[in-house]
Amino acid sequence: MPNPASVAPPSQQPAPVQAPSSVVKSTEAAPASSVWTLVRSIALPRPGAASLDRRGTLYVADAQNNVHQYGPDGQALNTYSPPQPGHVAQIEAWNTTKILVFYDDRQELLMLDRFAAPISQLNLLDLLEGTARATTLAPDDRIWLLNESDLTLRQFDPAQPRNTRNTPLDLLIGRSRPDFRFLREYQNNLYLVDRVNGIYVFDNLGNYRKKLPFLNLTTVGFRGDELYFLADGTVQLFHLYNLTQRAVPLPVPATDVRQVLLGESYAYVFTLAGIQVYKL
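Residues numbered from 1 in each chain as written. Predicted model: local features only at pLDDT ≥ 70, side-chain atom pairs only at ≥ 80, totals over all residues. Heavy atoms only, no water.

A. Representation of the overall build of the chain. Within the chain one finds one helix and 25 strands. The buried share of the chain, taken over its 280 residues, is 52%. If you take every contact in the chain between residues at least 6 apart in sequence, the share linking residues at least 24 apart comes to 46%. For the chain, the accessible surface area stands at approximately 12300 Å², while carbon and sulfur atoms represent 49% of it. (Helix = DSSP H or I, 4+ residues; strand = E, 2+ residues; numbered from the N terminus. Buried < 20%, exposed > 50% of the residue type's maximum accessible area, 1.4 Å probe, protein only. Contact = heavy atoms within 4.5 Å. Areas by Shrake-Rupley, 256 points an atom, 1.4 Å probe, with all protein chains shown as cover.)

Put into structure tokens, the structure is as follows:
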């Protein structure tokens, strides 16, 4: 299993491959021209970790690990430049009032406000015996993280730092060698992306529910009642409750695309050169 600091941001990873699935798939895909309308191109070489909040505001790290904030239509708003270097492994903005930035090499969590100004910092080395690989912010402001040293899913209360929940994963994983990449709480469920084994789904108390059979993924997104990811040159959208799956073709060659984020009205396509903003 690679060290967390060795995990490259989406811009530095190979193009995604098809993720196999046993769910029911739709036989139709919407034509690209009917879905994507380009409204802006953002020049941001080798963009890294990124996230959307509920208002559609986009947060993305650049190659120097500065965090840029853009409006839903791609208009530049603010930039946070860290006082010391560090690798931004994950940004979580769904909370809207607090944006979590996870520096995996420093094992630090930074909280930004909605203007991309720093609020607080938390050093995980003071709280955790081990190494956090992925982390996310829960709706109640508690923090979930994956401790890869002992393969446990943990929850912390940053207001009075202490471990509130602990879910061992060794029985779920078995003898496989997991490659955890992403963690996100959505609609009272917690989704843990393992590139090797699929997506583990837990409830908001950390109890295991099921596993989704999507492999070779490094990140996923959510829009409405659907989970989405890049695969086979398209955006695959999986309905969380109907268990159906549909595909939307990309507006640019799949080999150029490193990540896609879908908002309510806009979509963001990440390439090595920057971000293309499309009206949906």
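B. Focus on the nonpolar core. Of all hydrophobic cores here, the largest spans 28 residues; its most connected members are W36, L58, V235, V260 and Y268. When contributions to this core are tallied by element, the ones reaching two or more residues are strand 3 (50-52), strand 4 (58-61), strand 20 (226-231), strand 21 (234-239), strand 23 (259-262), strand 24 (266-270) and strand 25 (274-279). If one sorts the elements of this core by residue count, strand 24 sits on top with five residues. Within the second largest apolar cluster, 16 residues are counted, among which are I199, F222, F229 and F238. (Core = buried A, V, L, I, M, F, W, Y, C linked by side-chain atoms within 4.5 Å.)

C. Focus on the sheet that holds strand 7 (residues 88-92). Taking strand neighbours across the sheet as the criterion, the four strands line up as 7-8-9-10 in an open arrangement whose pairing is antiparallel. In the strand order of this sheet, the two ends are held by strand 7 and strand 10 (118-123), each with one partner. Sheet twist, expressed as the mean angle between neighbouring strand axes with direction ignored, is 20 degrees. One ladder, built from five bridges, connects strand 8 (residues 99-103) with strand 9 (residues 108-112); its direction is antiparallel. Across the sheet, F102 pairs through a bridge with L109, a residue of strand 9. (Pairing = 2+ DSSP bridges. Axes fitted to C-alpha atoms, helices over the stretch in contact; angles between N-to-C directions.)

D. Structural detail: unusual backbone geometry. Backbone geometry at R46 places phi at a positive 55 degrees, although glycine is not the residue there. Residue placement: R46 occurs in the loop between strand 2 (37-43) and strand 3. Classification of R46 by relative accessible area gives partly exposed; the value is 36%. The phi dihedral of Q107 is positive, around 55 degrees, even though this residue is not glycine. Structurally, the position occupied by Q107 is in the loop between strand 8 and strand 9.

E. Molecular detail of the environment of F238. Tracing the backbone shows F238 in strand 21. Placed eleven residues apart in sequence, F238 and L227 show a C-alpha to C-alpha distance of 5.1 Å.

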